[in-house]
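These are the residues of each chain, in order.
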There are 2 protein chains.
Amino acid sequence: MYLRALTSLADDGTTTCSSEELAASAGVNSAKLRKDLSYLGSYGTRGVGYDVEYLRYQIAREIGVTQDWPVVIVGIGNLGHALANYSGFRSRGFRVVALLDADRDRTGETVAGLDVRAFEDLESIVADNDVSIGVIATPAVAAQSVADRMVAAGITSILNFAPTVLSVPDGVDVRKVDLSIELQILAYHEQRKSVSSEVVS
Amino acid sequence: MYLRALTSLADDGTTTCSSEELAASAGVNSAKLRKDLSYLGSYGTRGVGYDVEYLRYQIAREIGVTQDWPVVIVGIGNLGHALANYSGFRSRGFRVVALLDADRDRTGETVAGLDVRAFEDLESIVADNDVSIGVIATPAVAAQSVADRMVAAGITSILNFAPTVLSVPDGVDVRKVDLSIELQILAYHEQRKSVSSEVVS
DNA sequence: GACGTTTTGTTCTCCCGTTCACAAACTCCT
DNA sequence: AGGAGTTTGTGAACGGGAGAACAAAACGTC
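Chain A is annotated in an unreviewed UniProt entry as Redox-sensing transcriptional repressor Rex from Nocardioides cavernae. Check the Subunit (unreviewed entry) section of the UniProt entry for chain A; it says "Homodimer." The record held by UniProt for chain A lists under Function (unreviewed entry) the comment "Modulates transcription in response to changes in cellular NADH/NAD(+) redox state."

If you had to explain the interface of chain B and chain A to someone new, which residues and values would you point to?
In this assembly, 55 residues from chain B lie in contact with 55 residues from chain A. Taken together, both faces of the contact between chain B and chain A bury some 4800 Å²; the carbon and sulfur share is 61%. Three residues stand out in chain B for area buried against chain A, namely Leu183(B), Gln184(B) and Leu186(B), and they jointly supply 14% of the buried area on that side. In this structure, the connection of chain B to chain A is made through six salt bridges.

Can you tell me about the domain arrangement of chain A, naming the residues and giving the values?
When cut into domains, chain A gives domain 1 (2-63) and domain 2 (69-180). Computed over C-alpha atoms only, the centres of domain 1 of chain A and domain 2 of chain A are separated by 32 Å.

Before we move on, can you summarise the relation of the copies chain B and chain A with the specific residues and values?
Superposition record for chain B on chain A: RMSD 0.1 Å, screw rotation 180°, translation along axis 0.0 Å. In symmetry terms, the pair is related by a two-fold rotation axis. Taking C-alpha positions as reference, the residue of chain B nearest the rotation axis is Ala82(B), located at 3.0 Å. Both copies share a contact surface, since 100% of the interface residues of chain B are interface residues in chain A too.

Please provide a residue-by-residue account of the UniProt feature "domain: CoA-binding" (unreviewed entry) in chain A, values included.
Per the UniProt record, the feature "domain: CoA-binding" (unreviewed entry) sits at residues 64-165 of chain A. In residues 64-165 of chain A, the share of helix is 34% and the share of strand is 28%. The end C-alpha atoms are 27 Å apart.

Please give an account of the packing of helix H2 (residues 19-26) of chain B against helix H3 (residues 30-40) of chain B that cites residues and values.
Residue and element names in this part refer to chain B. Relative to each other, H2 and H3 sit at 100°, their axes nearing to 8 Å. Between H2 and H3, the angle is such that the two are roughly perpendicular. Across from Ser19, Glu20, Leu22 and Ala23 in H2, the residues of H3 making contact are Ser30, Leu33 and Arg34. In terms of residue class, the contact of H2 with H3 is made up of three nonpolar, two polar and two charged.

Talk me through the environment of Asp105(B); I want residue IDs and the actual numbers.
You can see Asp105(B) is positioned in the loop between strand E5 (94-101) and strand E6 (110-111). Here Asp105(B) falls in the exposed class, since its relative accessible area comes to 67%.

Let's hear about the nonpolar core: which residues, and what values?
By size, the foremost hydrophobic cluster in this structure holds 46 residues, and its most contacted members are Leu83(A), Leu83(B) and Leu179(B). Excluding its chain neighbours within four sequence positions, the residues that come into contact with Leu83(B) are Leu179(A), Ile73(B), Phe89(B), Val135(B), Ala137(B) and Phe161(B).

Would you mind going over the side chain of Gln191(A) in detail, with residue names and values included?
On the secondary structure map, Gln191(A) appears in helix H9 (residues 179-200). At a separation of 3.3 Å, a polar atom in the side chain of Gln191(A) contacts the main-chain carbonyl oxygen of Arg61(B). If we skip the residues at most four places from it in the chain, Gln191(A) touches Arg61(B), Glu62(B), Ile63(B), Gly64(B), Gln67(B) and Trp69(B).

Please set out helix H3 (residues 30-40) of chain A residue by residue, giving values where relevant.
All names here are of chain A. Buried within H3 are the following residues: Ser30, Leu33 and Leu37. Each buried residue of H3 sits inside an arc of 55° when the element is viewed along its axis, so together they form one side. Projecting away from the buried face of H3 at angles above 90 degrees are the exposed residues Lys35 and Tyr39. Among the structural elements, helix H1 (2-11), helix H2 (19-26), strand E3 (49-51) and helix H4 (52-63) are those in contact with the buried residues of H3. Looking one or two residues beyond H3, the residue adopting positive phi is Gly41, at roughly 140°.

Requested: an account of the protein's contact with DNA strand C, with residues and values cited.
Within the structure, DNA strand C sits among 23 residues, and Arg46(A), Ser19(B), Ser42(B), Arg46(B) and Tyr50(B) are positioned closest to it. Considering the 4 Å shell around the protein, atoms of DNA strand C inside it are sugar or phosphate in 66% of instances. Between DNA strand C and Arg46(A), the relevant distance is 3.0 Å, taken from a base nitrogen to a side-chain nitrogen or oxygen of the residue. Elements represented by at least two residues in the surface near DNA strand C include exactly H3 of chain A together with H3, strand E2 (44-45) and strand E3 (49-51) of chain B. The element contributing the most residues to the surface near DNA strand C is H3(A), with four residues. Of the residues that constitute the surface near DNA strand C, the class distribution is five nonpolar, eleven polar and seven charged.

How each quantity is defined
- Residues numbered from 1 in each chain as written.
- Chains lettered and ligands numbered in written order.
- Predicted model: local features only at pLDDT ≥ 70, side-chain atom pairs only at ≥ 80, totals over all residues.
- Heavy atoms only, no water.
- UniProt positions renumbered as here; feature names shortened; annotations may be inferred.
- Contact = heavy atoms within 4.5 Å.
- Buried area = accessible area lost by both parts, 1.4 Å probe.
- Salt bridge = Lys/Arg side-chain N within 4 Å of Asp/Glu carboxyl O.
- Domains from an automatic or database assignment.
- Least-squares fit on C-alpha atoms with pLDDT ≥ 70 in both.
- Helix = DSSP H or I, 4+ residues; strand = E, 2+ residues; numbered from the N terminus.
- Axes fitted to C-alpha atoms, helices over the stretch in contact; angles between N-to-C directions.
- Parallel < 35°, antiparallel > 145°, perpendicular 65-115°, else oblique.
- Nonpolar A, V, L, I, M, F, W, Y, C, P; charged D, E, K, R; others polar.
- Buried < 20%, exposed > 50% of the residue type's maximum accessible area, 1.4 Å probe, protein only.
- Core = buried A, V, L, I, M, F, W, Y, C linked by side-chain atoms within 4.5 Å.
- Polar contact = N/O pair within 3.5 Å; in protein donor to acceptor, adjacent residues only side chain to side chain.
- Arc of directions from axis to C-beta.
- Near = heavy atom within 4 Å.

Dropping the structure here:
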């Protein structure tokens, strides 16, 4: 988040900023921001603030986005399509090296300039490109078996869009994104707004 | 999450379950699950467990997914496309009533069975369908103005996929989803794995 | 009908993240 | 050069969520 805010500031031509400004554009408390940054080192100047470009580089280096991360996406449905085309990945140092789908009818299609390949090619692709991050955009029923296969192929980080809890061995990181849960949270608050206004009226 | 786990159990034909089982399939601690459920009421039976169907209904009622929530999606790029087609919304009680895009060339296209309409129609669509939830899938630069317009039209909950912090008045809820931040978190852990193994070797 | 077993609901404790508040450090102005 | 004004970095206080542990309640068995 800080990295994004800093990039945005740099694009606006800002060369230096205070913790207060940066915190505001990242949407957090300024004390929290300063404490977070202090874990990386002491990159600010008291009385002045932070140098945007310098701090940006330091954060990028720390979280590892200065290097290029090869990524494979499995499941080229609507979501997989969108992910393959998502420019945010490219600009943050992620390179989609392959799109895989179990559906034989899909292999050979071209999406976002990449050929969709057979799921069987997973192992060789991972080995050839030294891939350590995989994205699962398959239906829920397929997710666990895809994850197992990914782990066997040597992938150690998985971003899971399927609405399932994946079980993986220790040492493998999984992060789950569930788009409809976010909507459900909003709906819950909406419901509470309406019931509390009914009580008032 | 619990709702999804319960639905999954119900599909498997399970009629009753313990907090231990449900916690396992939701990926949380059983004590936490029981505490969470206790906020809703006392829907379990000691010595037996929870009735899957009954608990499912109670949770659905509490979080408001028993009713139908109309939703508008603004920005029909790759992501908007995927969201419009995403079946998970429909099955969780969300109904996409309109797709809007500022690009005049896009209006008239049909996506997921809905016509893409001009952004100018926002106010009338919101009023006619009693919409309170909006989804922003536009580029970052457009997001804030779309949000302002949504709020003015009467929308009180926004799901934001654009990589920007939105500022909205009190009483309006915003949730942000940033797909590449999740990947960055994975990349960070990957980097730490590799540096720590270098130290060992 | 009483007792042991199982499982929920709840209390207590611990721990971690967040925020406040202030000293240290730097700049600018006189 | 010195003091006033900023702004960082960090120690201390606060709050809340997560897990352990236990009492209460239901079921089954004899």
